[in-house]
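Chain and residue survey
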Amino acid sequence: MTSVSVVGLGAMGRPIARNLMGAGFDVTVWNRSPEAVAELVAEGATGAKTVAEAFQSGVVLSMLADDSAVSAAILDPAVLASVPTGTVHVNMATVSVGLAKRAAALHAEYGIGYIAAPVFGRVSVAQAGQLNIIAGGDSSLLERVQPFLDVIGSRTWPQGERPEQANIVKIIGNYLILAAIQSLGEAITLGERSGVDGSQLVELLTSTIFPGPVYSSYGNLVATRQYEPAGFTTALGLKDLRLALDAADSVDLDLPFGGVLRGVLAQALANGQGEMDWASIAELVRSGQSGEGSPETPTR
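These notes cover the structure that comes with them. (Residues numbered from 1 in each chain as written. Predicted model: local features only at pLDDT ≥ 70, side-chain atom pairs only at ≥ 80, totals over all residues. Heavy atoms only, no water.)

1. Quick notes on the packing of aromatic side chains
For the coordinates displayed, the defined rule picks out four aromatic pairs. For the pair Phe210 and Tyr215, a centre-to-centre distance of 4.8 Å together with 20° between the ring planes defines the contact as stacked. In this structure Phe210 comes out as partly exposed when scored by relative accessible area, which is 37%. Tyr215 sits in the partly exposed class, given a relative accessible area of 24%. A ring pair is formed by Tyr218 and Trp278, whose centres lie 6.1 Å apart and whose planes are at 75°; its orientation type is edge-to-face. You can see Tyr218 sitting in helix α11 (residues 213–224) and its partner Trp278 sitting in the loop between α13 (256–270) and α14 (282–287), a full 60 residues away along the chain. (Phe/Tyr/Trp six-rings, centres within 6.5 Å; stacked < 30°, edge-to-face > 60°. Buried < 20%, exposed > 50% of the residue type's maximum accessible area, 1.4 Å probe, protein only. Helix = DSSP H or I, 4+ residues; strand = E, 2+ residues; numbered from the N terminus.)

2. Let's talk about the pattern of salt bridges
Summed over the entire model, instances satisfying the criterion amount to eight salt bridges. The salt bridge partner of Arg162 is Glu164, with a shortest N-O separation of 2.7 Å. For Glu164, a relative accessible area of 11% translates into the label buried. Salt bridges sharing common partners tie together Glu192, Arg225, Glu283 and Arg286. (Salt bridge = Lys/Arg side-chain N within 4 Å of Asp/Glu carboxyl O.)

3. Some words on helix α2 (residues 34–41)
Residues of α2 that are buried: Ala36, Val37 and Leu40. Taken end-on, α2 shows its buried residues confined to a sector of 100°, consistent with a single buried face. Along α2, exposed side chains directed more than 90 degrees from the buried face belong to Pro34 and Glu35. Those residues of α2 hidden inside the fold are in contact with α1 (13–22), β2 (26–30) and β3 (46–47). (Arc of directions from axis to C-beta. Contact = heavy atoms within 4.5 Å.)

4. Digging into the sheet that holds β3
Within the open sheet, the six strands sit side by side as β3-β2-β1-β4-β5-β6. Their pairing is parallel. The sheet terminates laterally at β3 and β6 (113–116), the two strands that pair on one side only. Of the pairings in the sheet, the one linking strand β5 (residues 88–91) to β6 comprises four bridges and is parallel in character. Looking across to β6, one finds that Val90 is bridged to Ile115. Across the face of the sheet, helix α8 (residues 139–152) comes into contact with β1 (3–7), β4 (59–62), β5 and β6 while running at roughly 50° to β5. (Pairing = 2+ DSSP bridges. Axes fitted to C-alpha atoms, helices over the stretch in contact; angles between N-to-C directions.)

5. Considerations on the sheet that holds strand β9 (residues 153–158)
Strand order in this open sheet of three strands is β7-β8-β9, and the pairing throughout is mixed. Edge positions in the sheet fall to β7 (119–120) and β9, since each has one partner strand and no second. For β7 and strand β8 (residues 131–135), the ladder comprises two bridges, and the chain directions are antiparallel. Residue pairing across strands places Phe120 opposite Asn132, the latter belonging to β8. Most of the contacts of α8 go to β9, to which it runs at about 145°, and overall it touches β8 and β9.

6. Some words on the environment of Ile168
Looking at the element boundaries, Ile168 is found in helix α9 (residues 163–193). For Ile168, a relative accessible area of 28% corresponds to the partly exposed category. As for Ile168 and Ala266, which are separated by 98 residues in sequence, their C-alpha atoms are 23 Å apart. Not counting residues within four places of it along the chain, the set of residues in contact with Ile168 comprises Val97 and Ala247.

7. Re the environment of Gln56
With respect to the element layout, Gln56 can be found in the loop between α3 (51–54) and β4. When the C-alpha positions of Gln56 and Pro256 are compared, they lie 46 Å apart, and in sequence the two are 200 residues distant. Ignoring sequence-local partners within four residues, the contact set of Gln56 consists of Ser82, Val83 and Pro84. For Gln56, the side chain forms a polar contact with the main-chain oxygen of Ser82, separated by 3.2 Å. (Polar contact = N/O pair within 3.5 Å; in protein donor to acceptor, adjacent residues only side chain to side chain.)

8. As for the packing of helix α6 (residues 97–109) against α9
Where α6 contacts α9, the two axes come as close as 9 Å, and the packing angle between them is 160°. By the criterion of interaxial angle, the relationship of α6 to α9 is roughly antiparallel. Considering only the axes of α6 and α9, their crossing is right-handed. Where α6 approaches α9, its residues Val97, Ala100, Lys101 and Ala104 are matched on the opposing element by Pro163, Glu164, Asn167, Ile168 and Ile171. Of the residues in the contact of α6 with α9, the class split is six nonpolar, one polar and two charged. (Parallel < 35°, antiparallel > 145°, perpendicular 65-115°, else oblique. Left-handed = near helix turned anticlockwise from the far one by under 90°. Nonpolar A, V, L, I, M, F, W, Y, C, P; charged D, E, K, R; others polar.)

9. Quick look at the side chain of Lys239
With respect to the helices and strands, the residue Lys239 is situated in helix α12 (residues 234–250). With residues up to four places along the chain from it excluded, the contact list for Lys239 reads Ala65, Asp66 and Thr94.

10. A word on unusual backbone geometry
Each neighbour pair has its own omega, and for Glu228 with Pro229 the value is -5°, a cis peptide bond. Within the secondary structure, Pro229 sits in the loop between α11 and α12. In this structure, Arg225 takes a positive phi of about 60° despite not being glycine. Residue placement: Arg225 occurs in the loop between α11 and α12.

Structure follows, in structure tokens:
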């Protein structure tokens, strides 16, 4: 199988499509705004006028923003009814557990295979084809689409036969990244106010007690205040935090720090940081605003 479609050509979708094209696959692309489609068509892709047309390729990778975008573009019965039986849809969006369950049921109703495959990795990682892919769904379907995933990722991490299992792992990961960014902001600000160079502090910490891409990459963004262009926006960070709080609520679990993070993110949006990188929440610590939204707590 050499044909694949990519639906959603945002910051992550475009490099995914380019890497598939570079590997020799016949790639069809669709996006709500036509400019991104035209850009990739000029590079050799085939443009689809509708989502239904994109789904004629047999395998579809979609990278859309959130639950509402997935629902509007793909979960429309008129779209699903036109998809050839046996098509496999790989949904790479970070969506709620509830949306994942609904999508799986609807796809099964129309004879369409469904794999959830959200990813860990920023735009530069996607460009390098080194994403970590968190996969959930029927193992035989995953095996079928693995050649495409091997092109765009360094490793696929199967989480079980139910698609929502992959989505909860992605939600957990993003919750921990937010917690790390907030703690980095506090630690770096404490160091700076005590006369310690922020960049040197990050280098020391990430070379000794906290090695790894989250602390090193976000630590450097915080230390140097490089929040634009955003690799992942504050607005999307708040969306993903809400997914974590909703998931916890569904299993009767409190996430006390989640309430703090929700207040921090809400304050960042009120400050006009919605389209800045979510690492910019560290600026609330520097300005003394990080506690202003803290009284907000998660529900059970």
